[in-house]
Amino acid sequence: MNAEACRAACDVAEEVGIVIDTTADTGDAWLAKWRRCGKRVPATVFDALTRVPLEVDRYLMRFFRYAKATAEVFLHALIYIDRFTKKRRMRVTHFNKFRLLLAAVVLAEKFCKDAFYRNDRYAKISGVSLQELNQIEREFLLGLDWELFVTEEELRLCRARLARAAQECSAGRGGSSGDTYPQMEPTPPPADLPKMMRGSLRQPAPCSRGTALS
């Protein structure tokens, strides 16, 4: 991946982080209002017990550093999340955003690339167990009705809307990191996320295969 592709991946990761966090703020407000009305919101395999103390863009950059995720992968992932939440009538919150992103990025990696890593590496990158990743991926794929194809026009519109939305959401925030970006690393990622990501509200069912997709 050349410097231009690296910069594009970092820029999109930062923009996706801003948009997802803003969307999650709205989702949490809706969730709180719903519960104040005494209505129960069922938990899903994507929900955590507590909010994970990690910025979304930093989470996505782990996939850039340790799985060579590209801007195209991150754009596909955002489109998948939009499709999934509309089909499932589900809102992005600070409790489910990381597992939704995880499922979306892993599927995007497999759809966009001829060669991709096994799920055990993605599990290490994300801080969840292989068993949980398999369950999350399967649930997300079924929720999408296997609709993974994205047209060039959809990608173009997503990129334009993402940049515009990120600029609006980040008004008043600090600027980007300039021309520096993390270096990609072929070594396995450090095991520094499991404690943060622990806390699924529902234990995943056993999987018969090592990965959800071949």
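Anything mentioned here points back to the structure above.
Reading the values: rules and limits
- Residues numbered from 1 in each chain as written.
- Predicted model: local features only at pLDDT ≥ 70, side-chain atom pairs only at ≥ 80, totals over all residues.
- Heavy atoms only, no water.
- Helix = DSSP H or I, 4+ residues; strand = E, 2+ residues; numbered from the N terminus.
- Buried < 20%, exposed > 50% of the residue type's maximum accessible area, 1.4 Å probe, protein only.
- Expected span 1.5 Å × (residues − 1).
- 1 Å grid on protein atoms, 1.4 Å probe; cavity = no way out; pocket = protein on both sides within 12 Å on 5 of 7 lines; lining within 4 Å.
- Points joined across faces, edges and corners; volume = space filled by probe spheres on them.
- Nonpolar A, V, L, I, M, F, W, Y, C, P; charged D, E, K, R; others polar.
- Contact = heavy atoms within 4.5 Å.
- Polar contact = N/O pair within 3.5 Å; in protein donor to acceptor, adjacent residues only side chain to side chain.
- Phe/Tyr/Trp six-rings, centres within 6.5 Å; stacked < 30°, edge-to-face > 60°.

Undergrad: Would you mind showing me how to read unusual backbone geometry here?
TA: Peptide bonds are, in most cases, trans, and in most cases residues other than glycine have a negative phi. Even without glycine at this site, K68 takes up a positive phi of about 60 degrees. Secondary-structure assignment places K68 in the loop between α2 (56-67) and α3 (71-88). Judged by its relative accessible area of 45%, K68 falls in the partly exposed class.

Undergrad: Help me understand α3 in this model?
TA: For an α-helix the count is 3.6 residues per turn, leaving residues at separations of three or four pointing the same way. Taking 1.5 Å per residue as the helical rise, α3 with its 18 residues ought to reach 26 Å, and the 26 Å between its terminal C-alpha atoms agrees with that figure. α3 sits mainly inside the fold: 13 of its 18 residues count as buried.

Undergrad: Just checking my understanding: could you explain the layout of surface pockets for this structure?
TA: Empty space among the atoms can be located by rolling a probe the size of a water molecule over them. Roughly 510 Å³ of volume is contained in the largest pocket. The wall of the largest pocket is formed by 20 residues, among which L78, I79, I81, D82 and C158 lie closest to the centre. Broken down by secondary-structure element, the contributors of at least two residues to the lining of the largest pocket are α1 (3-36), α3 and α7 (152-169). Its residues assigned to classes, the lining of the largest pocket shows eleven nonpolar, four polar and five charged. Of the voids in this model, the second largest pocket is the one considered here, and its volume is about 390 Å³. Considering the residues around the second largest pocket, the lining is formed by 18 residues, among which L31, V41, P42, T44 and D47 are closest to the centre. The element best represented in the lining of the second largest pocket is α1, accounting for three residues. Across the lining of the second largest pocket, the residue classes tally to ten nonpolar, three polar and five charged.

Undergrad: Sorry if this is basic, but what is going on with the environment of E109 here?
TA: Structurally, E109 can be placed in helix α4 (residues 97-112). In sequence terms E109 and F74 are 35 residues apart; their C-alpha atoms lie 8.8 Å from each other. Those residues in contact with E109 that lie beyond four places of it in its chain are A67, K68, A69, V73, F116 and Y122. In terms of polar contacts, E109 uses its side chain to reach the side chain of K113, at 2.9 Å.

Undergrad: Where do I start with the packing of aromatic side chains in this structure?
TA: In this description, a pair of aromatic rings is defined by centroid distance and the angle of the planes. Within the structure shown, the criterion is met by six aromatic pairs. Note on F46 and F84: the rings are 5.3 Å apart at their centroids and 70 degrees apart in plane angle, and the pair reads as edge-to-face. Here F46, found in the loop between α1 and α2, pairs with F84, found in helix α3; they are 38 residues apart in sequence, far enough to count as distant. Exposure remark for F46: the relative accessible area of 0% places this residue in the buried category. Each ring, one from Y117 and one from Y122, has its centre 6.4 Å from the other, and the planes form 85 degrees; the classification is edge-to-face. Taking the relative accessible area as the measure of exposure, Y117 reaches 29% and is therefore partly exposed.

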